[in-house]
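# Structural characterization, general
Chain by chain, the residues run as shown.
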Amino acid sequence: MPIKGSCHCGETQFEVSEAPAGVTRCTCSLCAKRGALWAYYTPAQFRLTSPPENVATYRWGSRTVKHHFCANCGCGTYSESPDWSTGKPDFDNPKVGINARLFDDVDLDAVPVTVIDGKNLW
């Protein structure tokens, strides 16, 4: 069953194929300031359902990751990146990281959280 989500104002909307089995909390400077909990999907599992012009993009550091946010209200919505699960970027296996706090009707208190020490890793 698809899970829907949106930014605060509703101008950026998306859906994913299923609820997250787990989320990550990254301690890097950007994620810590955003307060996001990230749920990861393949590009095929993600669909932006609002016009792409409602989305703005920020890149920092290596400029490898596209951090998207609503161009109107500023909510950090999703990111596009290579798979970093091995500690190195795997560009052949892209991932979409969804700010799980923006999902509709998902009980995040029931989802396990893994902490990633991004503050010291990158």
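Since this is a predicted model, take the numbers as computed values, not measurements. (Residues numbered from 1 in each chain as written. Predicted model: local features only at pLDDT ≥ 70, side-chain atom pairs only at ≥ 80, totals over all residues. Heavy atoms only, no water.)

This brings us to the pairing of strand 7 (residues 66-70). Relative to strand 7, strand 6 (residues 55-58) is paired through four bridges, and the arrangement is antiparallel. Bridging across to strand 7, T57 finds its partner in H68. Looking at chain direction, strand 7 and strand 8 (residues 76-83) are connected through four bridges and run antiparallel. In the strand pairing of strand 8, K66 is matched with E80. Once strand 7 ends, the chain turns through five residues before running back antiparallel as strand 8, passing G74 with a positive phi of about 85°. (Pairing = 2+ DSSP bridges. Helix = DSSP H or I, 4+ residues; strand = E, 2+ residues; numbered from the N terminus.)

Before going further, it helps to examine the sheet that holds strand 5 (residues 46-48). In spatial order, the strands read 1-2-5; together these three strands make up an open sheet with antiparallel pairing. On the outer flanks of this sheet lie strand 1 (3-6) and strand 5, each paired with one strand and no other. Put simply, the sheet's adjacent strands are angled 20° from each other on average, direction ignored. Sheet analysis places strand 2 (residues 13-16) next to strand 5, joined by three bridges and oriented antiparallel. Following the sheet pairing, F14 is matched in strand 5 by L48. (Axes fitted to C-alpha atoms, helices over the stretch in contact; angles between N-to-C directions.)

Quick look at unusual backbone geometry now. The residue R63 is not glycine, and still its phi comes out positive at about 65°. Turning to its location among the elements, R63 is positioned in the loop between strand 6 and strand 7. The backbone phi angle of D105 is positive, close to 60°, even though this residue is not glycine. Summarising the element assignment, D105 is placed in the loop between strand 9 (90-99) and strand 10 (113-116). By relative accessible area, D105 is classed as exposed at 81%. (Buried < 20%, exposed > 50% of the residue type's maximum accessible area, 1.4 Å probe, protein only.)

Another point: the environment of N99. Within the element layout of this structure, N99 appears in strand 9. Look at N99 and you get buried, because its relative accessible area is 7%. In this structure, the C-alpha to C-alpha distance between N99 and A39, residues 60 residues apart in sequence, is 6.6 Å. Residues in contact with N99, not counting those within four places in the same chain, are A36, L37, W38, G76 and T77. (Contact = heavy atoms within 4.5 Å.)

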